[in-house]
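# Examination of the molecular architecture
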Amino acid sequence: MTTAQESIELTRVGAGTVMGNFMRQYWIPAAMSSELQSGQPPVRLMLLGEKLIGFRDKAGKVGIMDHRSPHRCASLFFGRTEDDGIRCVYHGWKFGADGQCLEQPNLTEEQNFADKVRAKAYPVQERNGVVWIYMGEAEQVPELPSFEANLMPEGETVVRMVQRECNWLQALEGDIDTSHFGFLHVGSVKPDNVPDGHPIHGTVSDRAPQYLVREREYGTQYAAYRPHEDGRRTYWRFNNFMFPFWTQTPQAKFETYIVARGWVPMDDTHTMFISIQWMGGEVAKQRTNVVPLKDGGTIPGSSPDKLLPNTAGWYGRWRMEANADNDYLIDRDAQMRDEIFTGIDGIHLQDQAITESMGGIIDHTHERLAPSDQMITRSRRAMLRAARAFRDTGAPSPGVENPDLFRTARAGFFVEEPDVDWEEAYEKQVEAAVRAADYVKHAAE
Ligand code: FES
Ligand SMILES: [Fe+2]
C-alpha cells in the first residue's frame, strides 16, 4: 500500500518537493512548436506549478520564462513580442529569449543597469515539433531523452497534446494498468466479433491477464501474457514506465510501434498529456481503433478526440470538449444496450473520465490494490526510490546524464513460441524491430 507520506512525495511537483526536484533534472516538453509563432503574442504555460510565458521573437528565437517581470512583477503575458525579445508593457524593459534584460527605457543612461538584470528563463530546445525546456539546476545541461520516438526523422512523427484535470500520477498509472483495457475500453466487444490477429484479440478473449514485472534502469516494465489463438504459442504485450513521467503502451505491433507518452505535470491537479508517435511505414494502419472487426465495424466508442479551441488562460490549452461539466457526454442508452461499455465515446476520453473521477489527487490511503496492480506498486516504489536518492545524494538520476538508456525501451504486442523466456523474447523482438537512427549524431553531421 501507499502511505499518506509516500502519496505526498509522489504527487506534489512544485519547486522544493521531492518529486518536483526529481523531475526538474529532466527535459520537459512545454508546448508544440506550432503554438509559438514568430512575432505573435506570448502564450501562458503552466509547468510543475510554475506560471511561465512562452514566445518566439521575430528573429525566430523561443523564450520560456517566469511570467513575472523581474522589475515589479507585472505579467509578461501582456508584453509585446519584438524583433529580439519581449518588452514588458509596464515600464518598457525588454528581455531577450535567454532572459537577459536588454533595455530599461524608463531610466537615464547613468541609471541603467540592464546588464545586471535577468528574467528567469529556462534553456529551450526544439525537435520534431516539440518545444522542450530544462528547469533543473545542473551546470551542465543534459541532452534530450533518447527514447526512440524522439529520434525519428523530422516530419515522420505525430505529436498530440491533451490536458487532464487530475494529478500526473493517477493519469500516468492508467497507461500501466493493463487489466482495465478489457473493461473500460472494450468491455462490450464480443470475442466472436474479433478476427484472429486483431490488436485486441487477446484482451477480449481473456480479460484477466497474467503478467510479469521487472525493474529496468530506465524505470519499470511489464509483460502480460495469454495463450495465442492458435492454442500453441504465447501472445505477449510489453509496456514500459520511464523516468520521470513517460510510458510506452502495448496497443500496436511491437516491430513498428515507436511511441512515447508523457504525463507532464502542469501543477498538482492538472496534467498535460503528450504523445510522440512515429507514423512511418505501416504503423498508422495498425491502430487499435481503425482495424475492422468481423462485422466490418471498428471498436464501438473509439471516436477520435474532440478538442476545444485553445484560450489564453493558464489552463486554456488542449482541453477536451467532453469533460466533467457535461459528464463526458455519456450516452446511457448506448451503455444500457451494451454497445459501449462506458457509454463514453473515445478511448482517450474514457481514460480521462475515469482518472478525473478519482478527484484532483487520489487519496491513496483509500485504495485496495490487487495482484493486477503490481506494475503500479512496483513503479511507485521505483519512482520513490529514485526521487529520494536524488534528494539524499544529489547524484543525477537514471537517464539524466545517460539519455541513451531510454533507447532500449520498446513496447507492443507479438507472438512467440511457448518455451521462450520472457526476457529473451523481448531481446529477440527488439533486435528484429524497426529501430531509430541516431538523431543527435545525424543532426550534428
Ligand atoms: S514591471 Fe516590467 S518593466 Fe516594470
Ligand atoms: Fe486506457
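What counts and what doesn't
- Residues numbered from 1 in each chain as written.
- Chains lettered and ligands numbered in written order.
- Predicted model: local features only at pLDDT ≥ 70, side-chain atom pairs only at ≥ 80, totals over all residues.
- Helix = DSSP H or I, 4+ residues; strand = E, 2+ residues; numbered from the N terminus.
- Rg over C-alpha atoms; globule rule 2.2 N^0.38 Å.
- Buried ≥ 20, exposed ≤ 12 C-beta atoms within 10 Å, placed from the backbone.
- Pairing = 2+ DSSP bridges.
- Axes fitted to C-alpha atoms, helices over the stretch in contact; angles between N-to-C directions.
- Domains from an automatic or database assignment.
- Contact = placed C-beta atoms within 7 Å.
- Nonpolar A, V, L, I, M, F, W, Y, C, P; charged D, E, K, R; others polar.

### Concerning the overall build of the protein
Per the secondary structure count, the protein includes ten helices and 18 strands. On C-alpha atoms alone, the protein measures out to a radius of gyration of 23 Å, which is about the 22 Å that the 2.2 N^0.38 rule sets for 445 residues. The principal-axis extent of the C-alpha atoms belonging to the protein is close to 85 × 45 × 45 Å. In the protein, which comprises 445 residues, the proportion classed as buried is 42%.

### Some words on the pairing of strand β1 (residues 27-32)
Counted residue by residue, β1 has five buried out of six residues, so it is predominantly covered. Here five bridges tie β1 to strand β10 (residues 130-134), and the two strands are oriented antiparallel to one another. Following the sheet pairing, Trp-27 is matched in β10 by Tyr-134.

### Remarks on the sheet that holds β10
With antiparallel pairing, the three strands of this open sheet are ordered in space as β1-β10-β9. With one partner strand each, in any of the chains shown, β1 and β9 (124-127) form the two edges of the open sheet. The mean angle between the axes of side-by-side strands here comes to 35°, regardless of whether they run parallel or antiparallel.

### Details of the sheet that holds strand β3 (residues 50-56)
Spatially, three strands are ordered β2-β3-β4 in an open sheet, and the strand pairing comes out antiparallel. The two strands at the open ends of the sheet, each matched to only one other strand, are β2 (43-47) and β4 (62-66). Along the sheet, successive strands turn relative to each other by an average axial angle of 30°, direction set aside. Looking at chain direction, β2 and β3 are connected through five bridges and run antiparallel. Across the sheet, the residue bridging to Leu-47 is Glu-50, located in β3.

### Regarding the domain arrangement of the protein
Taken domain by domain, the protein consists of domain 1 (27-134) and domain 2 (148-444). Centre-to-centre separation of domain 1 and domain 2, based on C-alpha positions: 34 Å. Each partner contributes residues to the interface: domain 1 has 13 residues there, and domain 2 has 18 residues. Elements that contribute at least two residues to the side of domain 1 that touches domain 2 include exactly β1 and β2. Its residues placed into classes, the side of domain 1 that touches domain 2 shows seven nonpolar, three polar and three charged.

### A word on the pairing of β10
Most of β10 sits out of view: five of its five residues are buried. Judged by which residues are buried, β10 turns out to be covered on both faces: Val-130, Trp-132 and Tyr-134 on one side and Val-131 and Ile-133 on the other are all buried. Sheet analysis places β9 next to β10, joined by four bridges and oriented antiparallel. From the neighbouring strand, Glu-126 faces β10, where its bridge partner is Val-131. Where β9 folds back on β10, the antiparallel hairpin that results is connected by two residues, among which Asn-128 adopts a positive phi of roughly 45°.

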